[in-house]
Amino acid sequence: MKPLIPVVLAGGVGSRLWPLSRALFPKPFHALFGERSLLQSTALRAARVTSRPPIVVCNEANRFLVAEQLRALELPWQCIALEPEGRNTAPAIALAAHLAMADAAGAQLLVLPADHQVEDAEGFAAAVQAAQEASEGGAVVTFGIVPSRVETGYGYIELAVAGQPGVQPVQAFVEKPDAERARAFVASGRHLWNSGMFLVDAEVALAEIEAHSPEMAAAVAESVEKGQSDLDFFRLNDAFLRSPNVSFDVAVMERTARAAVLPVDFGWSDIGSWEAVLETAGADGRGNHFVGDVLPLDVDRTFVYSSHRLVGAIGVNHLVVVETADAVLVADRSRVQDVGALVTQLRDSGRSEHSLHTEVFRPWGSYEGVGHGERYQVKRIKVKPGASLSLQLHHHRAEHWVVVRGVAEVTCGEDTFSLSENQSTYIPQGTKHRLRNPADRTLELIEVQVGDYLGEDDIVRFDDQYGRGPR
């Protein structure tokens, strides 16, 4: 068979899993089921069906999260491609096709969203093999999920004949239906859930995009040709922004004569809502599922996720409750598809909770806001072993550092010195400084910032091992 290259699409936000999923730490990077994140589970699933390392497509803000999570698995990658701005799945698949063809002639693409869950690994592997055989014959294959319930949150794929096994032509693609139509679809036996996973020859993918969206084909080709390598990443040129924002389903699958579907039933979920998390995780005898420190009393058919504090629940029914450090969601389970609308409202009102957690991840570690007031704020900073922040200064604030765990190497002006647990130092406003962890365990410190402006954009970088600019 032709070489099979996984393409992992990690550019989504997963706003319907707010407040856990946010723009700067979205759904693919969370471990919702066990110790591995959805991205890590997807990468491992791909590694079981092909020895080729994956191409990962993500946005620039999450590039270090992708790299660190793959490194944690000790999995290599062919490329982490950075979109200057998300343009949906069709341009992402087009750019992956260009990169794959540059690496392996005749390559096929196994396109996998990074935020899906698959329970049956063997069933998945068998489906990939069947789809690959059809793809070698020129078909553009999507994986259609045999419905297990009436679902209005998914698009559907219509088959010509009910119950026919194997890869077959697509009769029609159907947008997300209302409840009445969804019931009719499931009863007919001729409709499958549209999974958004594909197996397609790279040359065929590019030819179909060229035929049906030449503007997209030209924009993506130029963005790849003029793109540049940057550390572990490949930055696409801004020509990518000329591409239409459209899905592969709309751009290609609904128009091509090559569209085919393989009916599958391998325990798939796109984890597209808190209801889907509950269904995947499983419920107890009263229909409940609790994560974290939860104290229930007479609770039924309810999902409670606690990440920081004790959550007590009394006499509630059919709810979703999600607690994080800075936000709590309470929703009727029948309305969880509307969480995305709440996130839009947060964004439009200028609040930061749609994009930021209190803990913000950086390539060197993370920082977490633990308190603030007029002209000051307090952060807990964690620096990974061997990692270093940039050499930088702040025009509007001074900083006080207290080491609470590990050893810090501090550069302040012309001086470089070490601090151990329970030692502290002062970084004057306008002074060049750097923090480094020279040890083999995580460095933790408390930082108190004092000044007339405390925004993250008050950073001037002079030297940075991660290739970041002035901010």
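Heads up: the structure comes first, above all this text.
For clarity, every value in this text was computed on a predicted model and none was experimentally measured.

Visitor: Which parts of the structure should I look at to understand the nonpolar core?
Guide: Note that soluble globular proteins tend to have their nonpolar side chains buried in a common cluster. Within the largest apolar cluster, 47 residues are counted, with the highest numbers of intra-cluster contacts made by L95, L99, L109 and F248. Those residues within four positions of L95 in sequence are excluded, and the remaining contacts are V57, A81, E83, V220, V224, L236 and F240.

Visitor: Before we go on, may I ask you to explain the packing of aromatic side chains in this structure?
Guide: Aromatic rings in a pair are described by how distant their centres are and how their planes are angled relative to each other. This model, assessed by the stated rule, comprises twelve aromatic pairs. Geometrically, the ring pair formed by F124 and F266 is edge-to-face, given 5.7 Å between the ring centres and 75° between the ring planes. A residue pair is termed long-range when its members are at least 10 positions apart, and F124 in helix α4 (residues 121–136) and F266 in the loop between β13 (259–264) and β14 (268–269) qualify at 142 residues. There is no split in this pair, since F124 and F266 are both buried.

Visitor: For this particular structure, what's the right way to read the pattern of salt bridges?
Guide: When charged atoms on two side chains of opposite charge get close, those side chains can pair. For the structure shown, the criterion picks out 28 salt bridges. A salt bridge links R87 to E85, with the nearest nitrogen and oxygen atoms 2.6 Å apart. The exposure class of R87 is buried, given its relative accessible area of 12%. Put simply, E60, R63, D230 and R235 are held in one network by salt bridges that share partners.

Visitor: Help me understand unusual backbone geometry, please; the structure alone is not making it clear to me.
Guide: Outside of glycine, negative phi angles account for most residues, and trans bonds account for most peptide bonds. A cis amide bond, omega 10°, links W18 with the succeeding residue P19. Position of P19 relative to the elements: it lies in the loop between β1 (4–9) and α1 (38–47). Despite not being glycine, N88 shows a phi value in the positive range, around 75°. Unlike most non-glycine residues, R375 shows phi in positive territory, near 70°. On the accessibility criterion, R375 (47% relative accessible area) is partly exposed.

Visitor: Mind showing me how you'd approach the packing of helix α6 (residues 202–212) against helix α7 (residues 214–225) here?
Guide: Two quantities define a packed helix pair, namely the angle between the helix axes and the distance between the axes. Packing of α6 against α7 brings their axes to within 5 Å, and their N-to-C directions diverge by 125°. Considered as vectors, α6 and α7 are oriented oblique to each other. Taken together, the residues of α7 that come into contact with α6 (itself represented by I209, E210, A211 and H212) are P214, M216 and A217. In the contact of α6 with α7, the residues fall into five nonpolar, one polar and one charged.

Visitor: Help me out: how do you make sense of the environment of S195 in this one?
Guide: Mapped onto the elements, S195 comes out in strand β10 (residues 191–201). A C-alpha to C-alpha distance of 51 Å links S195 and K432, two positions 237 residues apart in sequence. With sequence-adjacent residues up to four places away left out, S195 is seen in contact with H116, T142, F143, I145 and W268. At a separation of 2.6 Å, a polar atom in the side chain of S195 contacts the main-chain carbonyl oxygen of F143. A polar contact is formed between the side chain of S195 and the backbone nitrogen of M197, at a distance of 3.2 Å.

Visitor: Just checking my understanding: could you explain the sheet that holds strand β21 (residues 359–362) for this structure?
Guide: Whether parallel or antiparallel, the strands of a sheet pair through hydrogen bonds between backbone atoms. On the basis of which strands lie adjacent, the open sheet formed by six strands has the order β21-β22-β23-β30-β25-β28 and antiparallel pairing. On the outer flanks of this sheet lie β21 and β28 (424–427), each paired with one strand and no other. Going across the sheet, the axis of each strand differs from the next one's by a mean of 25°, ignoring polarity.

Visitor: Explain the pairing of β28 here, please?
Guide: On a regular strand, each side chain points to the face opposite its neighbour's, so the side chains alternate between the two faces of the sheet. The alternating pattern of β28 places T425 and I427 on a buried face and S424 and Y426 on a face that is not buried. Sheet topology places strand β25 (residues 397–405) next to β28; four bridges connect them, and they run antiparallel. Residue pairing in the sheet places E399 in a bridge with I427 of β28.

Visitor: Quick question: what am I supposed to make of α7 here?
Guide: Each full turn of the α-helix corresponds to 3.6 residues, which orients residues three or four apart in the same direction. Over its twelve residues, α7 runs 16 Å from end to end, which matches the ideal 16 Å to within 8%, given 1.5 Å per residue. Within α7 the residues assigned to the buried category are M216, A217, A219, V220, S223 and V224. In the core, the buried residues of α7 are packed alongside α3 (89–103), α6, β12 (233–235) and α8 (248–253).

Visitor: Would you mind going over the side chain of N194 with me for this structure?
Guide: Along the chain, N194 falls in strand β10. A polar contact of 3.4 Å, which involves the side chain of N194, links it to the backbone nitrogen of G196. A polar atom in the side chain of N194 sits 3.1 Å from the side chain of D249. Leaving out residues up to four positions away in the same chain, N194 has contacts with T142, G155, Y156, I157, F173, D249 and W268.

What counts, and where the lines are drawn
- Residues numbered from 1 in each chain as written.
- Predicted model: local features only at pLDDT ≥ 70, side-chain atom pairs only at ≥ 80, totals over all residues.
- Heavy atoms only, no water.
- Core = buried A, V, L, I, M, F, W, Y, C linked by side-chain atoms within 4.5 Å.
- Buried < 20%, exposed > 50% of the residue type's maximum accessible area, 1.4 Å probe, protein only.
- Contact = heavy atoms within 4.5 Å.
- Phe/Tyr/Trp six-rings, centres within 6.5 Å; stacked < 30°, edge-to-face > 60°.
- Helix = DSSP H or I, 4+ residues; strand = E, 2+ residues; numbered from the N terminus.
- Salt bridge = Lys/Arg side-chain N within 4 Å of Asp/Glu carboxyl O.
- Axes fitted to C-alpha atoms, helices over the stretch in contact; angles between N-to-C directions.
- Parallel < 35°, antiparallel > 145°, perpendicular 65-115°, else oblique.
- Nonpolar A, V, L, I, M, F, W, Y, C, P; charged D, E, K, R; others polar.
- Polar contact = N/O pair within 3.5 Å; in protein donor to acceptor, adjacent residues only side chain to side chain.
- Pairing = 2+ DSSP bridges.
- Expected span 1.5 Å × (residues − 1).

Such coordinate-based values are descriptive only and should not be taken to indicate function.
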